[in-house]
Every structure is written in structure tokens, then in C-alpha cells.
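Coordinates in review
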Amino acid sequence: MSIKVELQTQSQPGPGTQVAPSWPMLRTLAGIAILSGLLVVLVYQATKPIITENERILTEQAVFEVLPGAVSKVDFVLTEQGLAPAGEGAVGMAVFVGFGADAELRGVAFPGAARGYQDVIQFLFGYDPACECIVGSKVLRSTETPGLGDKIDTDPVFLENFVALDASLNPAGTALANPIVLVAHGTKTAPWQIDGISGATISGKAMARAANDAAERFVPSIRRDLAKLAAAAP
Amino acid sequence: MAELPNPQENLSLDTFLRGLWTENPVFAMLLGMCPVLAVTNSTMNAIAMGLATTFVLVCSSLLISLLRNWIPKQVRIASYIIIIATFVTIVDYGIQAISLELYAALGAFIQLIVVNCVILGRAEAYASKQRLHTTLVNSLGMGAGFTIALLALGTVREILGSGSILGVALFGEGFQPWVVMILPPGGFFVLGAWLLLFNWLRLRKERKVMEQSGVAANAG
Amino acid sequence: MPKPIEIRTSPHLKRALSVDRIMRNVVFALLPICAFAVFQFGLSALLLILTTTGAAIATEWFFARASGRGNTVSDWSVVITGILLALTLPPGFPLWMAAVAAFVGVALGKALFGGLGYNVMNPALVGRAFVQAAFPVAITTWTPAFAPGRFTEVIPSTFTLPFMQPIPVKDWVAALQLDAWTGATPLALQKFQQIEPSVTDVFTGMIAGSAGETSALLILICGLWLAFKRMLDWRIPVAVMAGAALTALPFWLMDSSLYPSPWFVLFSGGLMLGAWFMASDMVASPVTTSGVILYGLFIGIVTVVIRLFGGLVEGVMYAILLANAAGPLISSWTQPRVYGALKKTREAE
């Protein structure tokens, strides 16, 4: 309401008004831009260390949750040549290698994603090379329906599936020996099957697909570069 | 806003209270609906969003009021937007530093404060004409009104949708959450219910005033 | 002394078809379906029907009073809303949730628009859509039909305390010792496991499902009776069924192991109930003849599209609500030309 009134007064060119001089406009815009830039940079500098620390704690918590026994982590990225330590110009998807208190390799956490009922669900899976299986899972981002689809993150019986989910490789070491699949509730017979969950069929399928795709992508590289990963102990 | 013809408002209690009731940005003017509907699924989100918006509103209004005689009217909108965007960026970093969890919950709606019409509306209609201290009081009132409105939606939605307030469970184990309330449609339902209540109160008050002054009979 | 016979010449006045007479007849047509629901699911279904009808009447009465419209309960339309709502809910649905559904349906779907004749959507479906979104678990918890002892005991979840989670029915169902019970309706079985139950069972209603949607046969008979009495427009249900069957046919021909047969599509889920008693809602459907056919086809097509490709098992409810919303638009598109009037051109508008 008020804006309309204002616009009317603005649009009335007074008698004899000149074309506005451009210098004050330039001066004002430049001045405000400088002030704005200064403020943003100041705040950015002040908050950057805190934000980085927050992010580190958050990832660490997630990694330690999916890798039981891990107390420290080292970041790697999956490049086309295999796994390489993060931060040396290596570009690719991040994986986190977890180590126990005795500097012993406890496992590798890697991300997975699949389309669920509402939107893409993002997961973090923990893989233990010792048992060649997935030992933990965590939903990082999900918009599944509360009470139905979000059971994949809360239902303890369903999460049991991800405590020792077989992800062993074929003899050539290039792909999973058995694809990870979701089966109907109560019909799980093999360690690479996920026992379904009633009321969250689509979300459960998405989680199985995400686990399978992620394992297919990361596990062959992890097994090949296992020595390199173990040597990276902090 | 009948105050407009008066170029410089004198500071009064009404300068603050207007934002809470008669010109409440949400319940009276229906401005800034995007965060109102999107991030009020819990009390915490509502408070955080309300405070962030209030911070941007107060800071940008103050700066605009301070520079009001210095900004040529041809470039005023551009200037206002830069000033508002600056404070939104500051809030964005600030929330990331305070809690990444909260940052994830509020999502893109922090950045979207920049296009919240409550703020640009205040800058254009009030801060660009009024003195510093009345601007401070007025924008604080508007910010408080906005925060209270978000809180009114957020608490109802959290109580029904999760059975808790600020994450503290109210009803114990067996409570059945009304899932729809924390989903987007719940925002519309609750906003509609509040508007119904406030309009009903307003109409009742108006009717009473009319009856007392006897205007009703003449107008009839 | 015998009464003299009164003879008059034409024109004869006929009693007009009043609103409450039509509505009363719809209620009569729904009664056999209610009876079958009670026969099939027992005491719980009876309580469900009574609760939704009671809550719907109470809500209507309250809003009619508050808005000063006088008594609108006596036009019987709200009774239809209550009964229809109950028939679309799972038999073991907690009564307090059913009451919420009835309240929301009548208040939000009808009273706020101005009462009977002004509602855009079918109030019963508005109520059901609300509880579907609010309580997605409870509304997909099915219990077996023809449970022994259904006339003496209720399904445990029926008497859930208000605002509390439904009492789990798992143990109760297990105690019934039904071998074939999987907790899924025929629609869910078909969609997720590609097991298509026998069409005869689905047609006659020997299956699990919402309280009143199971017997396609009975709904068909009751609907035909109403259509015969000219109290519902037969074009709507026929168009809905045609739309659904014709959409399902090509998919079934393409891959009959994955997609359901048109018969199954017609008789399963709530399609029959929706087509005969909800889509045909006089207020919420278009007013022109061609519009009505378009509207029915739209419902049938959208239902099948949701069932086959959507995340949900059943799509009748959303299809009808969507078509209700499009109703006024369809009416204005299909407005017949006034005799002698020139064809409307863009410039003339």
C-alpha cells in the first residue's frame, strides 16, 4: 500500500527538473559497494575457521558413526587413477578412512545417493575390508515422509541389515560378487540381501540401490589401494 | 499507513506496537509468506528465522536511514538491495558458524531473506524518510511482529506435528504425530487458522465500535 | 360416503425433485454397502460409520449455527459425507482419527466455502486426503476381512485414545492364524509383488481393503438403482470406468505380467465407490453433458496413471479431487453455444 503511494510521488516529474547528475549516483553506489564488500570480507574472515571446524566435527561424527571403533580419520578422494590423499590437487569424490585408537585401519566411509520417494536421499556407508562387508549406514540428507519413508533411518530392525552386509568382490576384483538387493520382508536368505521394510518399500529400495552403486564404485578401488590406505594412519 | 503525509514521525509507543498488531507483517499485511510457510515446521527454526530476519531488517533499515539524504532516488532500489544483501550474507555466515545443523534446516531460506518484501518495504516506506531513532524502534517492532508470527505457526506445527516444543516431548511415548503439520501443507493450514482467528477478532472489535458509536444504524 | 375423485385438466404439476429427497435416496443406496462392510469387518466398521457420520453432523450443525445459515443438517447431504468417508477408511482406523477426518472434511471442504452447493470438492474426500497426509501409517494399516469373532470384538486399533498412536494390530492379526494374510490389499500385492488376486474375489468383495470399497458388485447394483431413479448422472461413472479401463488396456497388452488387467483395475480399490458415489457428487462435478464425460474420463485416466506410475498404491481420491478442482474450468469450456449466437472469436472476447 505504502509503496504504491510512494511510486506515485516519484513518477511526477516536477516542473523544470533537470536530468539527474550521474556523479552522485556513481558515488553512492560505489560507496555502498565498498562498504558492503568490506563488511562481507570481515565477517567471512572471522567466521571461516569456526565454520571449517564445524564441518570437520560434523563429518567426523558421521564417519565414526558408520565405522564402529574408529577414533580418527584421514580424507581421500577417488580419482581416475584410484584413491589419492585429499588436498593435493586431487579431484573426485571424498572417502574417509577411519582408524582405531591403535592406528589400525577400521574401515572406509564412502557416500552413496539414490532417488527415494520424494527426492534424492544421500547416505554415508561404512565398509570394513576385514569382513568385506558394509558395517554401518547413516542418512545424511533425506526428505522422505516422516513415519513411513524415514524408517530407513530410524527402524532398528531394518538398520540391522547394514551391520554386516556382504560386499565381497568377484575373483577379478572389478565388481561386487553379488549385487546388494532389497528382498521382501522376511525372505532374506543371503548376507548380501537387505530385508525389506513394510511401509517404506520405495525408500528401502532406494537405500539398497545407493548401497549397491556406492559399493560398486568404491570397493574395487579400496581393495586395490588397501595398503596405501593403511599406511596413511595418523 | 496514514502516517505517510507526516514526513517525520515522532517517536511514540505506537511506533513499536504497530509492527506487532495493526501492521503485523504476516497477519495484517501478508508479506514475506515464503519463510512463513517454509521454515516454521519447528519452534527452533521459527525463532532462528525470525531473529535472522529481524537482524537484517534492523541493520539495513538503520543504514538506509543513516544514508537517506545521500542516496539519489534514481538508484535507491539498487542501493537498498546491496545493503540488504550484505547483511543477509553476514547472517548466512553467522548461522553457519553457530550451528551447521540449523543451517541445513533453514536451507536456502536464509539467502532468500534478501527478497523478503517486509525488508524492502520497510526500507522504501519508512527508513528512507524517517530519522534514525524512530527507524530503529519501528524496525524492531516489525521484526518482533514477524518473529512472533513465525513462532505462532512454529509452535502449533511442532506440537501437532512432532508432539514437542523446542524438541522437548510433551505427550510421552504413544503420541501420534500429525505428519501433515510438518510438511508444507501444514503451513497453509495453520496460517489459515491463525488468519481466521485474527480476522474474526478484528471484525468483532469493529462491530462493537460501530454499535457503540451508532454508525451501524446510519450506514445500514 | 366415498370421497369424490378430483379430475383436472393438464398441465399437471409434478412434485419437484428436492435436494433432501435426492440426498435421502443416496443414503438409502449407501445402506446396503454399509451393511456389507459391517458383515465383512464386523463391529469396528459399524463404529467407524457411526463415528464419522456423527462427527460430520455435529460439525455441520456447529458451522451452520455459527454462520447463521439455519439448520442445514436436515438436507441429509452431510449424512452422505459421513457415510462415504467411513467407507473409504480402513476398517480398523482409530475412531478419533476418523472424527478428525469428518471434522476437517465438513469444515474445510464444505462449511468454509459456504455450505452445500458452494463446495468445490467432495467434502468426504477432503477429509480423507487430510488424514492420509496426517496419519499415513494408520490409513495404510489393513486388517483381514471375515475375521472370526468380528461381531463380538473390535479391532484393537479402533479404540485408540485420542492423540495417541494406534494400538498395533500385528499380534491380534497373528492370533487369528490366517495363513494367506500379508497385510496388503490386492492393489498393493499387484503393484509391489505382481501377484494379481482372482478377479472374481475382487469383484464380489471377498478381499481386504477400506471398509466399503471391497464389493464392486454391490456398489454397481446400488449405483445402478440410483441412476435408474435419475438421482445420479450415469454418464459420470460410465466415463470414469471407460477412462480407467482404456488407459489400463494398452499397458496390460504390452506386459501382462507387470501391469494389471483392465478388469482388475475396474474392480479393485476404491474405483467403483469413487466412480458411482463420489465423482457423481452433484455439486462438485461440471454442469454440461460433454463436460461431465470429459470430467469422468479425466478421473479414470489420472487414477490409472497414479496407480501404475505413482508412489501411491491407490489414486482414485486424488484423481477425483483434481477433477473437482478442474470442474468449473471444464464447465466453462464446454458451455453450449446459444442458438443463433455467433461463434466466439478472440477479438469478440
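Residues numbered from 1 in each chain as written. Chains lettered and ligands numbered in written order. Predicted model: local features only at pLDDT ≥ 70, side-chain atom pairs only at ≥ 80, totals over all residues. Heavy atoms only, no water.

Looking up chain C in an unreviewed UniProt entry gives the name Ion-translocating oxidoreductase complex subunit D, with the organism given as Thiocapsa marina 5811. Under the Sequence similarities (unreviewed entry) heading, UniProt states for chain C: "Belongs to the NqrB/RnfD family." You can read under Subcellular location (unreviewed entry) in the UniProt record for chain C the words "Cell inner membrane". (UniProt positions renumbered as here; feature names shortened; annotations may be inferred.)

For chain A, the name recorded in an unreviewed UniProt entry is FMN-binding domain protein, with Thiocapsa marina 5811 as its organism.

Things to note about the overall build of chain C
A tally of helices and strands in chain C yields 14 helices and zero strands. Mapped from its N terminus to its C terminus, chain C presents α and β elements in the order α-α-α-α-α-α-α-α-α-α-α-α-α-α. Overall, chain C is about 70 × 60 × 45 Å in size when its C-alpha atoms are taken along their principal axes. Looking at chain C as a whole, 52% of its 349 residues qualify as buried. Expressed as a percentage of contacts within chain C between residues at least 6 apart in sequence, the contacts between residues at least 24 apart total 76%. Working note: accessible area of chain C is about 17,100 Å², and carbon and sulfur atoms make up 67% of it. (Helix = DSSP H or I, 4+ residues; strand = E, 2+ residues; numbered from the N terminus. Buried < 20%, exposed > 50% of the residue type's maximum accessible area, 1.4 Å probe, protein only. Contact = heavy atoms within 4.5 Å. Areas by Shrake-Rupley, 256 points an atom, 1.4 Å probe, with all protein chains shown as cover.)

Regarding the overall build of chain A
Assigned secondary structure in chain A consists of six helices and nine strands. Expressed as a percentage of contacts within chain A between residues at least 6 apart in sequence, the contacts between residues at least 24 apart total 55%. Counting every atom, chain A has about 12,200 Å² of accessible surface; 60% of that belongs to carbon and sulfur.

With respect to the interface of chain C and chain A
At the junction of the two partners, chain C supplies five residues and chain A supplies seven residues. Remark: the boundary between chain C and chain A carries zero residue pairs in polar contact (both at pLDDT 80 or more). (Polar contact = N/O pair within 3.5 Å; in protein donor to acceptor, adjacent residues only side chain to side chain.)

Focus: the interface of chain A and chain B
At the junction of the two partners, chain A supplies 28 residues and chain B supplies 32 residues. Across the chain A to chain B interface the summed buried area is about 2,600 Å²; carbon plus sulfur atoms make up 78%. Applying the counting criterion to the chain A and chain B interface returns zero salt bridges. There are four residue pairs in polar contact (both at pLDDT 80 or more) connecting chain A and chain B. Breaking the side of chain A that touches chain B down by element, the ones donating at least two residues are α1 (2–11) and α2 (22–66) of chain A. Per element, the largest residue contribution to the side of chain A that touches chain B is 18 residues, and it comes from α2(A). Residues that form the side of chain A that touches chain B fall into these classes: 18 nonpolar, seven polar and three charged. (Buried area = accessible area lost by both parts, 1.4 Å probe. Salt bridge = Lys/Arg side-chain N within 4 Å of Asp/Glu carboxyl O. Nonpolar A, V, L, I, M, F, W, Y, C, P; charged D, E, K, R; others polar.)

Observations regarding the side chain of K73(A)
All names here are of chain A. With respect to the helices and strands, the residue K73 is situated in strand β1 (residues 72–79). Here the side chain of K73 touches D75 through a polar contact of 2.8 Å, side chain to side chain. Contacts of K73, omitting those with residues within four sequence positions, involve T59, E60, V63, F64, F96, V97 and G98.

What to know about the sheet that holds strand β4 (residues 105–115) of chain A
All names here are of chain A. Strand order in this open sheet of seven strands is β2-β1-β3-β4-β5-β6-β7, and the pairing throughout is antiparallel. Of all the strands in the sheet, the pair left with one neighbour each is β2 (82–85) and β7 (165–166). Looking at chain direction, strand β6 (residues 133–141) and β7 are connected through two bridges and run antiparallel. Residue pairing across strands places I134 opposite L165, the latter belonging to β7. Together, β1, β2, β3 (93–99), β4, β5 (120–128) and β6 form the strand contacts of helix α5 (residues 201–224), whose direction differs from that of β4 by roughly 140°. (Pairing = 2+ DSSP bridges. Axes fitted to C-alpha atoms, helices over the stretch in contact; angles between N-to-C directions.)

What to know about the UniProt feature "transmembrane region" (unreviewed entry) in chain A
According to UniProt, the positions carrying the feature "transmembrane region" (unreviewed entry) are residues 25–44 of chain A. For residues 25–44 of chain A, helix accounts for 100% and strand for 0%, while the C-alpha atoms at its two ends are 28 Å apart.

Things to note about the UniProt feature "modified residue: FMN phosphoryl threonine" (unreviewed entry) in chain C
Residues and elements named next belong to chain C. Summarizing the sequence annotation, UniProt attributes the feature "modified residue: FMN phosphoryl threonine" (unreviewed entry) to T185 in the numbering used throughout. By secondary structure assignment, the location of T185 is in the loop between α6 (170–176) and α7 (186–193). In this view, T185 contacts W142, A208 and G209; residues no more than four positions away in its chain are not counted.

Considerations on unusual backbone geometry
Residues and elements named next belong to chain C. For W76, which is not glycine, the phi torsion reads 70° and is therefore positive. Secondary-structure assignment places W76 in the loop between α2 (43–66) and α3 (77–88). Look at W76 and you get partly exposed, because its relative accessible area is 30%. Within the chain, F146 stands out as a residue other than glycine whose phi angle is a positive 55°. Relative accessible area serves as the criterion here: at 28%, F146 is assigned to the partly exposed category.

Overview of the UniProt feature "transmembrane region" (unreviewed entry) in chain C
Residues and elements named next belong to chain C. Here, the residues flagged by UniProt with the feature "transmembrane region" (unreviewed entry) are residues 21–39, 95–113, 125–147, 202–227, 234–253, 259–279, 291–310 and 316–334. For residues 21–39, the helix share is 100%, the strand share is 0%, and the end-to-end C-alpha distance is 28 Å. The span residues 259–279 carries 67% helix and 0% strand; its end-to-end C-alpha distance comes to 25 Å.

Some points on the state of the cysteines
Enumeration according to the criterion identifies one disulfide over all chains in this entry. Shown here is the disulfide that connects C131(A) with C133(A), its sulfur atoms set 1.9 Å apart. Taking the sign of the S-S torsion, about -75° here, the bridge from C131(A) to C133(A) comes out left-handed. By relative accessible area, which is 6% here, C133(A) ends up buried. Of all cysteine sulfurs in the structure, the one in C117(B) sits closest to C59(B), which takes part in no disulfide; the separation is 19 Å. (Disulfide = S-S within 2.5 Å.)

As for α3(C)
All names here are of chain C. Between its terminal C-alpha atoms α3 stretches 17 Å, which fits the 16 Å expected from twelve residues at 1.5 Å a residue. Of all the twelve residues making up α3, twelve are buried; the element is thus mostly covered by neighbouring parts of the structure. On the buried face of α3, the contacting elements are α1 (19–41), α2, α4 (95–109), α5 (123–134) and α12 (271–278). (Expected span 1.5 Å × (residues − 1).)

Let's talk about the confidence of the model for chain A
One rule of thumb: low pLDDT means the predicted coordinates there are not for detailed reading. This prediction gives chain A a mean pLDDT of 82; 89% of its residues lie at or above 70. Every residue in residues 1–14 of chain A is under pLDDT 50, and counting partners more than four places away or in other chains gives twelve contacts. (pLDDT = per-residue confidence, 0-100.)

Some thoughts on the pattern of salt bridges
Scanning the model with the defined rule gives 14 salt bridges over all chains in all. For D102(A), the salt bridge identified is with R106(A), shortest N-O distance 3.3 Å. Judged by its relative accessible area of 49%, D102(A) falls in the partly exposed class. You can call R106(A) partly exposed: its relative accessible area is 27%. Between E314(C) and R307(C) there is a salt bridge, and its shortest N-O distance comes to 2.7 Å. Since its relative accessible area comes to 23%, E314(C) is described here as partly exposed. Each of D14(B), R18(B), E23(B) and R122(B) takes part in a single network of salt bridges with overlapping partners.

A look at the packing of helix α1 (residues 13–20) of chain B against helix α7 (residues 132–162) of chain B
The axes of two packed helices give the description: the angle between them and the distance between them. Residue and element names in this part refer to chain B. Closest axis-to-axis distance for the α1/α7 pair is 6 Å, and the angle between their directions is 25°. Between α1 and α7, the angle is such that the two are roughly parallel. Relative to α7, the crossing made by α1 is right-handed. Within the contact between the two elements, α1 uses T15, F16, R18, G19 and L20 and α7 uses T134, V137, N138, L140, G141, M142, A144, G145 and I148. Of the residues contributing to the contact of α1 with α7, the split by class is seven nonpolar, six polar and one charged. (Parallel < 35°, antiparallel > 145°, perpendicular 65-115°, else oblique. Left-handed = near helix turned anticlockwise from the far one by under 90°.)

Side note on the packing of aromatic side chains
Two aromatic rings are characterised by how far apart their centres lie and by the angle between their planes. Inspection of the entire model under this criterion finds 28 aromatic pairs over all chains. Taking the centre distance of 5.3 Å and the plane angle of 35° together, the rings of W96(C) and F163(C) count as tilted. Remark: F163(C) occurs in the loop between α5 and α6 and W96(C) occurs in helix α4; sequence separation between them is 67 residues. Judged by its relative accessible area of 41%, F163(C) is partly exposed. Taken together, W178(B), F189(B), W96(C), F130(C), F135(C) and F163(C) form an aromatic cluster joined through their ring pairs. The ring of W21(B) has R202(B) sitting right over it, with the charged end atom 5.5 Å from the ring centre. Against the face of W200(B) rests R204(B), its NZ or CZ located 5.2 Å from the ring centre. (Phe/Tyr/Trp six-rings, centres within 6.5 Å; stacked < 30°, edge-to-face > 60°. Lys NZ or Arg CZ within 6 Å of the ring centre and 35° of its normal.)

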